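Results of the structural survey
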Amino acid sequence: MADQELSHPVPHNEVQRLQAVHRLGLMDSPPDADLDALCRVAAHTFGVPAAVISLIDVDRQCYLARVGVDVAELTREESPCAHAIMSPDQILVVPDTTQDPVFAKHPLVVDEPHLRFYAGAPLVDAEGLAVGTLALLDTTPHTGLSEGQAEALHSLAQVASNLLQSRREHRELQHLASTDHLTGLANRAQFNRALEVELAHAMRTGEPFTVVYMDLDGFKDISDGFGHGAGDEVLREVANRLSQQVRLGDVLARFGGDEFGVVMRHGGEESAEILARRIVKSVSTPITLSSGDTVGVGISVGMAAYNDATESVKALQEQAEQALYEAKRLNEQRWKMFVSGVR
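This section reports on the structure supplied with the text. Everything numeric in this text was worked out from a predicted model, so none of it was measured.

Parameters and conventions
Residues numbered from 1 in each chain as written. Predicted model: local features only at pLDDT ≥ 70, side-chain atom pairs only at ≥ 80, totals over all residues. Heavy atoms only, no water. Helix = DSSP H or I, 4+ residues; strand = E, 2+ residues; numbered from the N terminus. Rg over C-alpha atoms; globule rule 2.2 N^0.38 Å. Buried < 20%, exposed > 50% of the residue type's maximum accessible area, 1.4 Å probe, protein only. Axes fitted to C-alpha atoms, helices over the stretch in contact; angles between N-to-C directions. Left-handed = near helix turned anticlockwise from the far one by under 90°. Contact = heavy atoms within 4.5 Å. Nonpolar A, V, L, I, M, F, W, Y, C, P; charged D, E, K, R; others polar. Core = buried A, V, L, I, M, F, W, Y, C linked by side-chain atoms within 4.5 Å. Phe/Tyr/Trp six-rings, centres within 6.5 Å; stacked < 30°, edge-to-face > 60°. Lys NZ or Arg CZ within 6 Å of the ring centre and 35° of its normal. Pairing = 2+ DSSP bridges.

**Let's talk about the overall build of the protein chain**
For the protein chain, the count of helices and strands is 10 helices and 12 strands. Here the C-alpha atoms of the protein chain give a radius of gyration of 28 Å, more than 25% beyond the 20 Å that 2.2 N^0.38 yields for 343 residues. Principal-axis analysis of the C-alpha atoms places the extent of the protein chain at approximately 90 × 50 × 30 Å. Burial status across the protein chain gives 44% buried among its 343 residues.

Below, the structure written as structure tokens:
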């Protein structure tokens, strides 16, 4: 990626920088009271009408907090901060943009809002990558920043960087708390929360939904015969196949062991039966392990559809569990007949 091919400068470590931006997971996030407060403090401290805290992505600058600025984002070509991230360890100060060779022809200088003063402190992560800026803006030229002011702006930018990092860590902890570590699917706790929400919605609107419980057939034989590592491979592959069958918006979870579940939103029993047939067909396709061995599992499916008589999450779960038990019993009988040579 060459700088001359673009109308904005690009740091030499742009790939790593963008990865750092995306790891934060904060682009287009809802308003953050702490960042908003920090933005107001910055504007008040330096006596400017506008201040922003932003992240800079591939082609845009997204404001996480702003004071005195009406828009929520700029294209990267329009962004003065695209220049500030070029030197992560320095504050970029432009006392009078009309006298600066880089900024004099900038669209925000030539046209509305006729920007005249800019000071941007890079927001830097633990690896020294500039993910965005804390910037001060004014339509009146300034004499610049004193040494003390520059230190204060740098300190505020450090606070903003720490807040971004804490938001990332909080999001990751939330994800870990609601995710099955082996398959990456939702865990039972997240499944139960989704089920509570869906039941409340159905009781208000009458819109149908179905709870689907699943249990693998023959999984123990694979773990016993090929080891727990092979069993983990099978579970990950089954999770992947299940993910390909459920619809967008459905909640797919692993409860533990070889047990899975789906909260099938906006779908009654007929739709769930179609899903169950797709799941059985998908899961029963042989699985090739990393060792080169080919193994196979089946899957038993039980379901319970919401109706006007449904009173609680527990009742739905008990119905689905009973349906799964019956399906499991029938599948085991079929398997015994098969291995006995009975047709």
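**Re the packing of helix α8 (residues 228-245) against helix α9 (residues 269-283)**
The interhelical angle for the contact between α8 and α9, taken along N-to-C directions, is 145°, at an axis separation of 10 Å. Here α8 runs over α9; the crossing is right-handed. Facing α8, whose interface residues are V238, R241, L242 and Q245, α9 presents L275, R278, I279, S282 and V283. Along the lines of polarity and charge, the residues of the contact of α8 with α9 split into five nonpolar, two polar and two charged.

**What to know about the nonpolar core**
Considering soluble globular proteins, one finds that nonpolar side chains tend to be buried as a cluster. Core analysis: the biggest nonpolar cluster contains 32 residues, and I53, L55, L123, V131, L134, L136 and L164 have the highest contact counts within it. For this core, the secondary-structure elements that each account for two or more residues are α1 (14-24), α2 (33-46), β1 (50-56), β2 (60-67), β5 (117-124), β6 (130-138) and α5 (147-177). If sequence neighbours within four positions are ignored, L164 has contacts with L24, L26, L35, L55, L64, L123 and V131. In terms of nonpolar packing, the next biggest core, distinct from the first, is built from 30 residues, L182, L216, L242 and V283 among them.

**Here's the deal with the environment of V197**
Note on placement: V197 falls in helix α6 (residues 188-205). Each C-alpha atom, one on V197 and one on V313, is 9.9 Å from the other, the two residues being 116 residues apart in sequence.

**So, the packing of aromatic side chains**
Applying the stated criterion across every chain, the model contains five aromatic pairs. Where F191 meets Y213, the ring centres are 6.2 Å apart and the plane angle is 55°; that geometry is what we call tilted. With F191 in helix α6 and Y213 in strand β7 (residues 210-217), this residue pair connects regions lying 22 residues apart in the sequence. For Y213, a relative accessible area of 5% puts it in the buried group. Residues Y213 and F255 carry aromatic rings whose centres are separated by 5.3 Å and whose planes lie at 75° to one another, so their mutual orientation is edge-to-face. Of this pair, Y213 sits in strand β7 while F255 sits in strand β8 (residues 251-256), placing them 42 residues apart in sequence. Considered together, Y213 and F255 belong to a single accessibility category, that of buried residues. Lying over the aromatic face of F255, R188 brings its terminal NZ or CZ to 4.2 Å of the ring centre.

**A closer look at the sheet that holds strand β3 (residues 73-75)**
Spatial strand order, β3-β2-β1-β6-β5-β4: six strands in an open sheet with antiparallel pairing. Edge strands, defined here as strands with exactly one partner in the open sheet, are β3 and β4 (92-94). Taking each pair of neighbouring strands and ignoring which way they run, the sheet shows an average axis angle of 20°. With three bridges joining them, β2 and β3 adopt antiparallel strand pairing. Paired with R60 across the two strands is T75, which belongs to β3. Helix-sheet contacts for α1 involve β1 and β6, and the interaxial angle to β6 is about 85°. Its contacts with the sheet place α2 against β1, β2 and β6, and it is angled at close to 75° to β2.

**Overview of the sheet that holds strand β9 (residues 259-264)**
Taken in spatial order, the four strands of this open sheet run β8-β9-β7-β12, and their pairing is antiparallel. Only two strands of the sheet have a single neighbouring strand rather than two, namely β8 and β12 (298-305). Within the sheet, the average angular offset between the axes of one strand and its neighbour, ignoring direction, is 20°. Of the strand pairs in this sheet, β7 and β12 are connected by eight bridges, and their pairing is antiparallel. Counted as the bridge partner of Y213 is G302 from β12. Where α9 meets the sheet, it contacts β7, β9 and β12, and its direction lies at approximately 170° from that of β12.

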